[in-house]
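Given next are the chains, with one letter for each unit.
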Amino acid sequence: QAVIELKDIHFSYSASTSGSSSDNNVAAQQSLILDIPSWAVPKKEKVFLHGASGAGKSTLLNLLTGMREPDRGEVLVMGTSLSSMSSSKRDQFRAKHIGVVFQQFNLIPYLSIRDNTRLAAHFSGTNDNVLLERIDHLSHALGVNEFVDKKASELSVGQQQRAAILRAMVNEPEIFIADEPTSALDDQNKQRFIEVLFNLVEELSMTLVLVSHDSSLAQYFSTVQDISELNKVMGAS
Ligand code: ADP
Ligand code: ADP
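Here is a short report on the structure shown in this document. Since the structure is predicted, the reported quantities are computational estimates derived from the model, not experimental observations.

## Here's the deal with the packing of aromatic side chains
Item 1. One pass over the full model with this rule turns up three aromatic pairs.
Item 2. Their ring planes at 90° and their centres at 4.8 Å tell us that Phe 11 and Tyr 13 sit as a pair that is edge-to-face.
Item 3. Residue class for Phe 11 comes out buried when judged on its relative accessible area of 4%.
Item 4. Exposure remark for Tyr 13: the relative accessible area of 24% places this residue in the partly exposed category.
Item 5. Ring geometry for Phe 198 against Phe 221: centres 5.1 Å apart, planes inclined by 85°, an arrangement best described as edge-to-face. Of this pair, Phe 198 sits in helix α7 (residues 187-203) while Phe 221 sits in the loop between β8 (207-212) and β9 (223-226), and the two are 23 residues apart along the sequence.

## Some remarks on helix α6 (residues 157-169)
Item 1. Under the 1.5 Å per step criterion, the end-to-end length of α6 is 19 Å for 13 residues, consistent within 8% with the ideal 18 Å.
Item 2. For α6, the buried fraction is high: 11 of the 13 residues fall into the buried class.
Item 3. Here α6 has its buried residues at Gly 158, Gln 159, Gln 160, Gln 161, Ala 163, Ala 164, Ile 165, Leu 166, Arg 167, Ala 168 and Met 169.
Item 4. Taken together, the buried residues of α6 touch β6 (98-101), α4 (113-120), α5 (128-141), β7 (175-179) and α7.

## Considerations on the sheet that holds strand β5 (residues 80-81)
Item 1. Here we have four strands laid out as an open sheet, ordered β2-β1-β4-β5, and antiparallel in their pairing. Across the chains shown, the open sheet's two edge strands, defined by having one partner strand only, are β2 (32-42) and β5.
Item 2. Strands β1 (2-12), β2 and β4 (72-77) of the sheet are contacted by helix α2 (residues 57-64), whose axis makes an angle of about 60° with β2.

## A few points about the packing of α4 against α5
The description of two packed helices rests on the angle between their axes and on the distance between the axes.
Item 1. At a minimum axis separation of 11 Å, α4 and α5 run at an interaxial angle of 130°. Taken together, the axis directions place α4 and α5 in an arrangement best described as oblique. Note on packing geometry: the crossing formed by α4 with α5 is right-handed. Within the contact between the two elements, α4 uses Arg 114, Thr 117 and Arg 118 and α5 uses Leu 131, Leu 132 and Ile 135.
Item 2. Looking at the contact of α4 with α5 residue by residue, the class counts come to three nonpolar, one polar and two charged.

## Some points on the site of ligand 1
Item 1. Near ligand 1, the surroundings consist of 12 residues, among which Gly 54, Gly 56, Lys 57, Ser 58 and Thr 59 are the closest.
Item 2. At a separation of 3.2 Å, an oxygen atom of ligand 1 approaches a polar backbone atom of Ala 55.
Item 3. Note that an oxygen atom of ligand 1 is positioned 2.8 Å from one of the backbone N or O atoms of Lys 57.
Item 4. Looking at which element gives the most residues to the shell around ligand 1, the answer is α2, with three residues.
Item 5. Among the residues making up the shell around ligand 1, the classes are represented as four nonpolar, six polar and two charged.

So, how was this worked out
Residues numbered from 1 in each chain as written. Chains lettered and ligands numbered in written order. Predicted model: local features only at pLDDT ≥ 70, side-chain atom pairs only at ≥ 80, totals over all residues. Heavy atoms only, no water. Phe/Tyr/Trp six-rings, centres within 6.5 Å; stacked < 30°, edge-to-face > 60°. Buried < 20%, exposed > 50% of the residue type's maximum accessible area, 1.4 Å probe, protein only. Helix = DSSP H or I, 4+ residues; strand = E, 2+ residues; numbered from the N terminus. Expected span 1.5 Å × (residues − 1). Contact = heavy atoms within 4.5 Å. Pairing = 2+ DSSP bridges. Axes fitted to C-alpha atoms, helices over the stretch in contact; angles between N-to-C directions. Parallel < 35°, antiparallel > 145°, perpendicular 65-115°, else oblique. Left-handed = near helix turned anticlockwise from the far one by under 90°. Nonpolar A, V, L, I, M, F, W, Y, C, P; charged D, E, K, R; others polar. Near = heavy atom within 4 Å. Polar contact = N/O pair within 3.5 Å; in protein donor to acceptor, adjacent residues only side chain to side chain.

As far as function goes, none of this settles anything; it's purely spatial.
In structure tokens, the structure reads:
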């Protein structure tokens, strides 16, 4: 069955959400970014969501994770409509069921990787011993076990990327979403990273949505979804 379902999604950034953009012309326009009639991701699928820069991939991820709400239409995650939840319910739901790695990682720089991860698990009610075991297991699998007690700010970009994955997997979410997780890697390391990621995704029975503009990743996936086939608004940045 579908673990993620989009129904007739429309999304535009309004001028008010553009914040302190210095480019007033861009900020003043309210243009449609996404018009997606339907999309479904089957349970335990590994999906490569591909598209050029500016095509709307990050925006779509923000809708899938409930970080932003569509102007119309519905996002169903594990059968539940995200917009039917209060924002605090939605935050809890995301923390429990969706692991997300953003492009900027969003690690807290002055905390160790272990503490960043424990913080992410704080509201999960996971027993301390179980949590420590999970951190141990995941950090070994991801090859960051030697850095778990280092501050995030002391790690290389590649190490931070893997640390962010550790943090996003610690609650064993059903869905794992990663935005450009290989941007810091060369081709050889990309392949190794994909193997490690797939092993963890299978071990934890997760559904994977990996988002990237890098078409060389397509070869590893049986499901490749180009966002331009979903989105009726043509990407032009
Ligand atoms: P991608 O992730 O595929 O590169 P994005 O979702 O980041 O695409 O961007 C899609 C379009 O939405 C681009 O034209 C981009 O400039 C615009 N956009 C992204 N974020 C914002 C924002 N916060 N406010 C206004 N426009 C935005
Ligand atoms: P990508 O295209 O790889 O997603 P971007 O450089 O487009 O990355 O976006 C980086 C950040 O800037 C994102 O958080 C995005 O939402 C925001 N952003 C992108 N375009 C705009 C825009 N036109 N106005 C305001 N924020 C934007």
